[in-house]
Amino acid sequence: MLNIMLIVASIGCSSLSQYWQKRAALLFAAQPNLSTLEKLLSKPLLLGIIFLGLGAIFWLGVLSQWDVSVAYPLLSSNFVIMLLISKFAFNETVTRRQWCGVGLIVLGVAFLGGVEQFL
């Protein structure tokens, strides 16, 4: 059970990091006159960095418990999460081609051993 919690925490933190990095990029684009210090101390950038660090720590826990040949493909489920976030949180257009690509990623994860881990 710890194994599952570690991979979920790692993927979740990684996704949250990317979400906040995008928020930081949007903030910087909307406010181009921010100083470097204001950018470095902005809430979105700080949260992006914090979640990136937490994700790395959880990832080390994953690697201590799982074979990298199983764990790393599961980490790619982050692509699925980010596609959903881009559509629903940022109102970006997601094409049929992108949905198909994510479907192939999910199949690839299953073939590389992700499903076997849970059976």
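Residues numbered from 1 in each chain as written. Predicted model: local features only at pLDDT ≥ 70, side-chain atom pairs only at ≥ 80, totals over all residues. Heavy atoms only, no water.

A closer look at the overall build of the protein chain
The cut-off we apply is this: Helix and strand labels come from DSSP, where a helix needs a run of H or I of at least four residues and a strand needs a run of E of at least two; each type is numbered from the N terminus. Throughout this description, buried means an accessible area under 20% of the type-specific maximum (1.4 Å probe, protein chains only), exposed means over 50%, and partly exposed covers the range between. What makes two residues a contact is simply this: any of their non-hydrogen atoms within 4.5 Å. To be clear on the numbers: accessible area is Shrake-Rupley with a 1.4 Å probe, and residue cover counts the displayed protein chains and nothing else. Counting rule applied: Lys, Arg positive; Asp, Glu negative; His and chain ends not counted. Here the site of a charge means atom NZ of a Lys, CZ of an Arg, CG of an Asp or CD of a Glu.
Regarding its fold elements, the protein chain presents seven helices and zero strands. N-terminal to C-terminal, the α/β element order of the protein chain is α-α-α-α-α-α-α. Each of the three principal axes of the protein chain carries a C-alpha extent, and together these read 50 × 35 × 20 Å. Per-residue burial over the protein chain gives 33% buried out of 119 residues. Partitioning the contacts of the protein chain with sequence separation of at least 6, the portion at a separation of at least 24 is 68%. For the protein chain, the exposed surface amounts to about 7800 Å²; the carbon and sulfur share of it is 69%. Side-chain charges of the protein chain comprise 7 positive and 4 negative groups, with the mean position of each set lying 16 Å from the other.

Regarding the environment of Val80
Within the element layout of this structure, Val80 appears in helix H5 (residues 78-88). The partly exposed category is assigned to Val80, whose relative accessible area is 22%. Measuring from C-alpha to C-alpha, the distance between Val80 and Val106 comes to 8.0 Å, with 26 residues separating the pair along the chain. Setting aside chain neighbours within four positions, we find Val80 in contact with Val102 and Val106.

Structural notes on the packing of aromatic side chains
Any two aromatic rings considered together are summarised by their centre-to-centre distance and by the angle between their planes. This is how the line gets drawn: In summary, the pairing rule links any two rings of Phe, Tyr or Trp, Trp by its six-membered ring, whose centres are within 6.5 Å, and it sorts them by plane angle into stacked for under 30 degrees, edge-to-face for over 60 and tilted for everything else. In this scheme, the term charge over a ring applies when either NZ of a lysine or CZ of an arginine sits within 6 Å of the ring centre and within 35 degrees of the ring normal.
A complete count under the given rule lists three aromatic pairs for this structure. For the pair Tyr19 and Trp20, a centre-to-centre distance of 5.1 Å together with 85 degrees between the ring planes defines the contact as edge-to-face. We note that Tyr19, like Trp20, is buried. Members of the aromatic cluster, joined through ring pairs, are Tyr19, Trp20 and Phe90. Note that Lys87 overlies the ring of Phe88, its terminal NZ or CZ placed 5.7 Å from the centroid.

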